[in-house]
Amino acid sequence: MGYINTIIILGGINIIAALGVAILTGYTGLFTIGHAGFMALGGYMSAIFVKELGVPFPIALLLGGTFAGLCSFIIGYPAFRSELRGDYFAVATLGFSEATRLLLNNTRSMGQSIVDAESGIGMLFKPIGPLLVKLGGVFGYMNLPGPTSVFVVVVAVILALFFAHMFVTSQYGKNCIAISQDEVAAQMMGVNLLKTKMIALFVSAFYAGVAGGLMAFYFAYLTPSFFTITKSSDLLAAVVFGGIQSLIGPVITGFVLVLFPELLRTFAEWRLIIYGFLFVIVMIFRPQGLLGYVEMNFQFARIWWKKIFHRRQSSQEG
Amino acid sequence: MSQEILNIKNLTVDFGGVRAVNNVSIMLEPGEFVGLIGPNGAGKTTIFNLITNAIKPTAGEIDFKGKNILGKSPDRICQLGISRTFQNIRLFPQMTAYENVELGFHSAPQYSLMEAFVRTPRARRIEIDTRKKAMELLEMVNLKEHSHARASSLPYGLQRRLEMARAMATNPELLLLDEPAAGMNDDECNDLIKLIREIHTTMHYTMIMIEHHMNVVMDLCRDSRIYVLNLGSMLAVGTPTEIQSNPDVIRAYLGEPKND
């Protein structure tokens, strides 16, 4: 039972982060290989809120997500200002996430030198010195509370899916889709590219941040090595396989990509090679992804409902 | 005193060593419909690109409703009330005809991001309202029955009409049409003339049209004037009859008569 719970929890966390990437890559057309960085920022921040400040866990998750979203402006504003797109933007996100990870790797020694500082710039940061030491650098941020359960994750996934659906069907989401299809035409028709892309990136980073928070409170500790480029490419893989302009696609693949390595434990090491191979196959035969342009809707449920209802009515009449 | 809606003064742009547009001035009063013609490479589309700031001019000024719009971003210019179609159609290919038109209405979202997430009654009302207006525009260009078709699946002529509807959705005061009749036969041209005239009379836009089909230009601009560009410079301005008998224009289109 515990094993299945683990898979559900990790799968759910992966789904939430993949939904974030779907909003940015699937709907806005901006490739990212740096969402692990936003997960790390959100994870560490919500952990700090709970452990150091005693903020309740759900609020800390939202605050962590918001923090990740705000941090996304650090990369988003200059990148979108200078009109980076395609591979160039992807590389920028990769740089950002690696920088974040390396910074977190060194929090302990940085914190120590700030605590020890007698003068100079270290003095300015004196109050956060002990906190940085606590974050522990490569050794990890230990002894966090662990309230993430299957129930929490399932609720979080449902909420995440609902709000993602709301976003992509809103006027903001449709502007994002327009940008992904023809940026020049979108701008000529009055879409503010900088603003719309920043919003998409913010929402996307928020999702990753919340996923990072859930992860922190599941493992009950955090280390920068959770958030390597492998994590980012897993998330991108979920969206590329799952399909662009689809939410349900990345949800399914986001879960499958956690389940799969578990089922084939012996092949886990080969995962990235298999992904690479599958990437090429998908790009050749189905460039829009397995469920590309398949919108999640509840039309089928409505049709079923009508069918059942009508049958009952006609049988009552007959 | 500036009642003109668009005032282009001494506009010049260089691409490297090539002077694509040379000292061009155009002045439009509200509600006018003017044609812009010229041989290939005359700089007609470049002028549209300059007005919408897809290209930055080397020199000159562009005033819209008495305000300088030079250096404003294309989306800002669109919001101020200038919209356009493209010579080589630029629809959003994977979106439906309806979604293409709808975008024009909400390119500047009408509700806040928070309202988008919870879809308040106000946001829903706005969306229903937008839907109604978009369908009206689709009806105007006779595309209502195609509203759920993917834009890329529509025939060429309908794509041109759809682009026009999308441009109209941004609620412009100045509408720039870049070769709306390109690739159409005579019958289709006549339908298009009717449609453009209807749009002009009912919506009261000021319009500039680039077109190579002379019968379309001459018909639509019969009460107004035509600007003729050649090699980036303004060659002639006048009514269709003046233009048709202007020796410079004939020379630009047909070349010098051979003197042997």
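Structure first, text after, so check above.
Definitions and cut-offs
All chains use their own residue numbering, which begins from 1 and follows the written sequence. Written order decides the labels, with chains lettered from A and ligands numbered from 1. In view of the model being predicted, local features appear only for residues whose pLDDT reaches at least 70, and side-chain atom pairs are presented and counted only at 80 or more, with totals across whole chains, interfaces and linings using the full set of residues. Here, a nonpolar core means buried Ala, Val, Leu, Ile, Met, Phe, Trp, Tyr and Cys residues linked by C-beta atoms lying within 7 Å of one another. As a rule, residues whose C-beta atom has 12 or fewer other C-beta atoms within 10 Å are exposed, those with 20 or more are buried, and those in between are partly exposed; C-beta atoms are placed from the backbone. For helices the rule is a DSSP run of H or I covering at least 4 residues; for strands it is a run of E covering at least 2, with both sets numbered from the N terminus onward. Domain ranges listed in this record stem from an automatic or a database domain assignment. C-beta atoms are placed from the backbone for every residue, and two residues are taken to be in contact when these atoms lie within 7 Å. One requirement defines pairing of two strands: DSSP has to find at least two bridges between them. Here an angle of 0 to 180 degrees is reported between the N-to-C directions of two axes, which are lines fitted to C-alpha atoms, with helices fitted over the stretch in contact. Geometric relationships in this document are graded by angle, where less than 35 degrees denotes roughly parallel, more than 145 denotes roughly antiparallel, 65 to 115 denotes roughly perpendicular, and other angles denote oblique. Take the far helix as your reference; a near helix turned counterclockwise from it by less than a right angle gives a left-handed crossing, and one turned clockwise gives a right-handed crossing. When residue character is reported, Ala, Val, Leu, Ile, Met, Phe, Trp, Tyr, Cys and Pro are called nonpolar, Asp, Glu, Lys and Arg charged, and the others, Gly included, polar.

*Asks:* Let's hear about the nonpolar core: which residues, and what values?
*Replies:* Residues A:Ile16 and A:Leu19 are the most contacted members of the largest nonpolar core, which totals 165 residues. Ranked by residues supplied to this core, first place goes to helix H11 (residues 193–219) of chain A with 17 residues. The residue makeup of this core includes at least three contributed by each of domain 1 (6–81 + 172–254) and domain 2 (92–155) of chain B. With residues near it in sequence (within four places) discarded, A:Leu19 still touches A:Ala160, A:Leu161, A:Ala164, A:Tyr207, A:Leu247, A:Pro250 and A:Val251.

*Asks:* Explain the sheet that holds strand E1 (residues 6–15) of chain B to me, using residue names and the numbers behind them.
*Replies:* Spatially, E2-E1-E4-E5 (chain B) is the arrangement adopted by the 4 strands of the open sheet, whose pairing is antiparallel. Both outer strands of the open sheet, strand E2 (18–28) and strand E5 (67–68) of chain B, are each paired with one neighbouring strand and no more.

*Asks:* Requested: an account of the pairing of strand E4 (residues 59–64) of chain B, with residues and values cited.
*Replies:* All names here are of chain B. Two elements, E1 and E4, share 5 bridges in a ladder whose sense is antiparallel. Its bridge partner being in E4, leucine 6 is matched across the sheet by phenylalanine 64. Here E4 pairs with E5 via 2 bridges, running antiparallel. Bridging across to E5, phenylalanine 64 finds its partner in lysine 67.

*Asks:* Could you give an account of the pairing of strand E7 (residues 174–178) of chain B, naming the residues involved and the relevant values?
*Replies:* Residues and elements named next belong to chain B. Within E7, 5 of the 5 residues are buried, which leaves the element mostly enclosed by the surrounding structure. Judged by which residues are buried, E7 turns out to be covered on both faces: Leu174, Leu176 and Asp178 on one side and Leu175 and Leu177 on the other are all buried. Inspection of the sheet shows strand E6 (residues 82–84) paired to E7 by 3 bridges, in the parallel sense. Paired with isoleucine 82 across the two strands is leucine 174, which belongs to E7.

*Asks:* Tell me about helix H9 (residues 171–181) of chain A, and name the residues and values.
*Replies:* Where burial is concerned, most of H9(A) is hidden: 11 out of the 11 residues are buried. Residues of H9(A) that are buried include every one of A:Gln171, A:Tyr172, A:Gly173, A:Lys174, A:Asn175, A:Cys176, A:Ile177, A:Ala178, A:Ile179, A:Ser180 and A:Gln181, and no others. Taken together, the buried residues of H9(A) touch helix H1 (2–27), helix H8 (150–168), helix H10 (183–188) and H11 of chain A together with helix H3 (97–106) and helix H4 (113–118) of chain B.

*Asks:* Outline the packing of H3(B) against helix H5 (residues 121–140) of chain B, listing residues and values.
*Replies:* Residue and element names in this part refer to chain B. It is the contact of H3 with H5, at a shortest axis distance of 9 Å, that shows an interaxial angle of 120°. Relative to H5, the element H3 lies oblique. In the packing of H3 onto H5, the handedness of the crossing is right-handed. Between H3, through Ala97, Tyr98, Val101, Glu102, Phe105 and His106, and H5, the contact on the second element is made entirely by Thr130, Lys133, Ala134, Leu137 and Leu138. In terms of residue class, the contact of H3 with H5 is built from 7 nonpolar, 2 polar and 2 charged.

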